[in-house]
Amino acid sequence: MRTVKEIDKQIQKEHDCVVQLYAQINAYEQSIEHLKAEQQAAEKKENELFIDNWLNEHFGISSQKEARQKSIFIVFDKNANFIKTITTGLGEEFHYVGSVEDDDTMEHWLKENKLYAHRASSFCDRNRSWYDLSFKEQLENLNWDWAAVLK
């Protein structure tokens, strides 16, 4: 039979093990939280790169940053066929977007050529599945009414 002193020593040893295990659990939980934050940052970066590549492949726009900073428009016809991109502003093909009555504006050129345009920045920061839609479905999602376009 063990003495009280031996049992107290064993209890203290077991208690120290429990304290150490709780400390390890806490450290692992903190590590998991750090990894989750790192994972979210990596997912965000990967999604940004995916969209940048998608914009470049489909419209020749280098990045979402460029699409937001410049006044870039994606030009398409009545059948939702991509034609080209146009950048408006000083030093660009068109200094101004509108109005239709002014000969040197993008809107006048679009009307004259029976084309349509939508701002490229609208194609940024979408849900990843949105990029799997056809161009026409994307435009519909951006509130293009094809019945009105075809009139």
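See the structure above.
Our subject in this report is the structure included herewith. Not measured: the values here are computed from a predicted model.

## Examining the overall build of the chain
Logical step 1: Summing up its helical and strand segments, the chain has 5 helices and 3 strands in all.
Logical step 2: Taken from N to C terminus, the helices and strands of the chain fall in the order α-α-β-β-α-β-α-α.
Logical step 3: Relative to its length of 151 residues, the chain is extended, with a C-alpha radius of gyration of 30 Å against a globular reference of 15 Å.
Logical step 4: Taking the principal axes of its C-alpha atoms as reference, the chain extends roughly 105 × 35 × 25 Å.
Logical step 5: Taking all 151 residues of the chain together, 27% fall into the buried category.
Logical step 6: Taking the contacts inside the chain whose residues are at least 6 apart along the sequence as the reference set, 46% of them involve residues at least 24 apart.
Logical step 7: By element, 50% of the accessible surface of the chain is carried by carbon and sulfur atoms, the whole surface being about 10,900 Å².
Logical step 8: Across the chain, the 19 positively charged side chains and the 27 negatively charged ones have centroids separated by 4 Å.

## Side note on the sheet that holds strand β1 (residues 71–76)
Logical step 1: Reading across the sheet, the 3 strands line up as β2-β1-β3 and stay open at both edges, with antiparallel pairing between neighbours. Both edges of this open sheet fall to β2 (82–88) and β3 (116–119), since each of them pairs with a single strand only. Put simply, the sheet's adjacent strands are angled 30 degrees from each other on average, direction ignored.
Logical step 2: Pairing between β1 and β3: 4 bridges, direction antiparallel. Among the inter-strand pairings, Val-75 is bridged to a residue of β3, identified as Ala-117.

## Concerning the environment of Leu-115
Logical step 1: Examined against the element boundaries, Leu-115 turns out to sit in the loop between α3 (106–112) and β3.
Logical step 2: On the accessibility criterion, Leu-115 (13% relative accessible area) is buried.
Logical step 3: Along the primary structure Leu-115 and Lys-78 are separated by 37 residues, whereas in three dimensions their C-alpha atoms are 6.8 Å apart.
Logical step 4: In this structure, Leu-115 is in contact with Val-75, Phe-76, Asp-77, Ile-83, Trp-109 and Leu-110, ignoring residues within four places of it in sequence.

## Re the nonpolar core
Logical step 1: Membership of the largest hydrophobic core comes to 19 residues, with the highest contact counts inside it found for Leu-55, Phe-59, Ile-61, Ile-74, Phe-123, Phe-135 and Leu-139.
Logical step 2: When residues of this core are traced back to their parent elements, those giving at least two are α1 (4–59), β1 and α4 (135–141).
Logical step 3: Tallying contributions element by element places α1 first for this core, with 4 residues.
Logical step 4: Counting 9 residues, the second largest nonpolar core, distinct from the first, contains Phe-94, Leu-110, Leu-115 and Ala-117.

## A few points about unusual backbone geometry
Logical step 1: In the Ramachandran plot, Lys-114 falls in the positive-phi region, its phi being about 55 degrees despite a non-glycine side chain.
Logical step 2: Following the sequence through the fold, Lys-114 ends up in the loop between α3 and β3.
Logical step 3: In this model, Asn-143 sits at a positive phi of 75 degrees, which is unusual for a non-glycine residue.
Logical step 4: On the secondary structure map, Asn-143 appears in the loop between α4 and α5 (146–149).

Calculation notes
Residues numbered from 1 in each chain as written. Predicted model: local features only at pLDDT ≥ 70, side-chain atom pairs only at ≥ 80, totals over all residues. Heavy atoms only, no water. Helix = DSSP H or I, 4+ residues; strand = E, 2+ residues; numbered from the N terminus. Rg over C-alpha atoms; globule rule 2.2 N^0.38 Å. Buried < 20%, exposed > 50% of the residue type's maximum accessible area, 1.4 Å probe, protein only. Contact = heavy atoms within 4.5 Å. Areas by Shrake-Rupley, 256 points an atom, 1.4 Å probe, with all protein chains shown as cover. Lys, Arg positive; Asp, Glu negative; His and termini not counted. Charge placed at Lys NZ, Arg CZ, Asp CG, Glu CD. Pairing = 2+ DSSP bridges. Axes fitted to C-alpha atoms, helices over the stretch in contact; angles between N-to-C directions. Core = buried A, V, L, I, M, F, W, Y, C linked by side-chain atoms within 4.5 Å.

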